[in-house]
Amino acid sequence: MSIVPSPSAPTRCTSRSTSCPPHLSSRSSCWKRLRPSSVRCNELSKSLLSVRLLVTGAAGAIGANVVVLAPERGWQVTGLARAADEGFVRGLGAAFLTHAERGWDAVVDTTSQQGWGLAVVRDGGAFVGVRPNLAPEAEHGITVHVLMLHSDGPQLRELLTRAESGLLPTRVHAVLPLAEAPDAHRAVAKGGTRGRYVLQPSF
């Protein structure tokens, strides 16, 4: 799967997260960690001249991926997350904040409620959201990018290769038997987990 913008948004996007533990096989665990939402934001800079990028939810699955990929396109990345996640975010190579003010050239808001919206984007900047149903209306010359999904096998293979080599981090909260999938869903819905649950079938 791959993230692409809606027809009204001409720019693409990608993302990343923490390294793939050696005990996880590429056929099950790592593949599940490279979710559809973790695939295309490093191309955003192709349509922008500015370089200061703020990633909200930088400790999450999508946000951490963006933090790792964006510097490859010349972005100066700062991650916004909870204080408890500072070590993780800085470990990805980004600067770190727990609060941000207006003035960022571009913002990738990976939080589930898109709560930051355009509030911290400078006039004429760019905003990328991961929730099409919560996309803010463009204002102050800000370009709003709405990301959608489509199948992209080659892109997933590339990301998986990078994850297995340690170049693309994957953050795993816990590995559970497939039979415990309901427990994993309840834990995610409750919130507060860091990384994804990997469901491992028995063959």
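Quick caveat: nothing in here was measured; it's all calculated off a predicted structure.

*Asks:* Mind laying out the pattern of salt bridges, listing which residues take part and the relevant values?
*Replies:* Inspection of the entire model under this criterion finds eight salt bridges. The salt bridge partner of arginine 162 is glutamate 72, with a shortest N-O separation of 2.4 Å. Placement of the pair is arginine 162 in helix 4 (residues 153-165) and glutamate 72 in the loop between helix 2 (61-69) and strand 3 (76-80), with a sequence separation of 90 residues. Notably, a salt bridge pairs aspartate 183 with arginine 186, separated by 2.5 Å at the nearest N-O pair. Placement of the pair is aspartate 183 and arginine 186 together in helix 5 (residues 181-190), with a separation of three residues, close to one helical turn. Residue aspartate 183 is classed as partly exposed on the basis of its relative accessible area, which comes to 39%. For arginine 186, a relative accessible area of 52% translates into the label exposed.

*Asks:* Give me the lowdown on the packing of aromatic side chains, citing residues and values where you can.
*Replies:* Here the structure, examined in full by the defined rule, presents zero aromatic pairs. One cation-aromatic arrangement involves arginine 52 over tryptophan 104; the distance from NZ or CZ to the ring centre is 4.2 Å. Across from the ring centre of phenylalanine 88, 3.7 Å away, lies the NZ or CZ of arginine 171, which sits over that ring.

*Asks:* Talk me through the nonpolar core; I want residue IDs and the actual numbers.
*Replies:* Leu53, Val55, Val67, Val77 and Val89 are the most contacted members of the largest nonpolar core, which totals 24 residues. Contributing elements (two or more residues each) for this core: strand 2 (52-56), helix 2, helix 3 (86-91), strand 5 (104-109) and strand 6 (121-129). Counting residues per element, this core draws most heavily on helix 2, which supplies five residues. Residues Trp104, Ile142, Val144 and Val146 belong to the second largest nonpolar core, which totals 12 residues.

*Asks:* Give me the pairing of strand 3: which residues, what numbers.
*Replies:* Residues in a regular strand point their side chains to alternate faces of the sheet. The element strand 3 is extensively covered by neighbouring structure, given that four of its five residues are classed as buried. When strand 2 meets strand 3, the two strands line up parallel, connected through five bridges. Of the residues in strand 3, the one forming a bridge with arginine 52 is glutamine 76. A crossover connection joins strand 3 to the parallel strand 4 (residues 95-97) through helix 3; in handedness this β-α-β unit is right-handed.

*Asks:* Tell me about the pairing of strand 6, and please be specific about residues and values.
*Replies:* Direction of pairing for strand 5 relative to strand 6: parallel, over a ladder of five bridges. Opposite aspartate 109, over in strand 6, you have glycine 129 as the bridge partner.

*Asks:* So what's going on with the confidence of the model for the protein chain? Which residues, and what values?
*Replies:* Here the protein chain shows a mean pLDDT of 77. Residues at 70 or above account for 75%. Looking across the protein chain, the model is least confident in strand 1 (residues 2-5), with a mean pLDDT of 32, and most confident in strand 4, with 97. The low-confidence segment residues 1-49 (pLDDT under 50) makes 168 contacts with residues lying over four places distant or belonging to another chain.

*Asks:* Explain unusual backbone geometry residue by residue, including any values.
*Replies:* For histidine 140, which is not a glycine, the phi torsion comes out positive at approximately 55 degrees. As for its placement among the helices and strands, histidine 140 is situated in the loop between strand 6 and strand 7 (143-150). Given a relative accessible area of 49%, histidine 140 falls into the partly exposed group.

*Asks:* Describe helix 4, naming the residues involved and giving the relevant values.
*Replies:* With 13 residues, helix 4 extends 18 Å from end C-alpha to end C-alpha; this agrees with the ideal 18 Å at 1.5 Å per step. Here helix 4 has its buried residues at Gln155, Leu156, Leu159, Leu160, Arg162 and Ala163. End-on view of helix 4: buried residues confined to an arc of 165 degrees, all on one side of the axis. Structural note: helix 4 exposes Pro154, Arg157 and Thr161 on the side pointing more than 90 degrees away from its buried face. With a side-chain oxygen lying 3.0 Å from the backbone nitrogen of glutamine 155, the N-terminal cap of helix 4 falls on aspartate 152. Once helix 4 finishes, glycine 166 follows within two positions and takes phi at roughly 90 degrees, a positive value.

Cut-offs applied
- Residues numbered from 1 in each chain as written.
- Predicted model: local features only at pLDDT ≥ 70, side-chain atom pairs only at ≥ 80, totals over all residues.
- Heavy atoms only, no water.
- Salt bridge = Lys/Arg side-chain N within 4 Å of Asp/Glu carboxyl O.
- Helix = DSSP H or I, 4+ residues; strand = E, 2+ residues; numbered from the N terminus.
- Buried < 20%, exposed > 50% of the residue type's maximum accessible area, 1.4 Å probe, protein only.
- Phe/Tyr/Trp six-rings, centres within 6.5 Å; stacked < 30°, edge-to-face > 60°.
- Lys NZ or Arg CZ within 6 Å of the ring centre and 35° of its normal.
- Core = buried A, V, L, I, M, F, W, Y, C linked by side-chain atoms within 4.5 Å.
- Pairing = 2+ DSSP bridges.
- Right-handed = clockwise from strand over helix to strand, strands pointing away.
- pLDDT = per-residue confidence, 0-100.
- Contact = heavy atoms within 4.5 Å.
- Expected span 1.5 Å × (residues − 1).
- Arc of directions from axis to C-beta.
- Polar contact = N/O pair within 3.5 Å; in protein donor to acceptor, adjacent residues only side chain to side chain.

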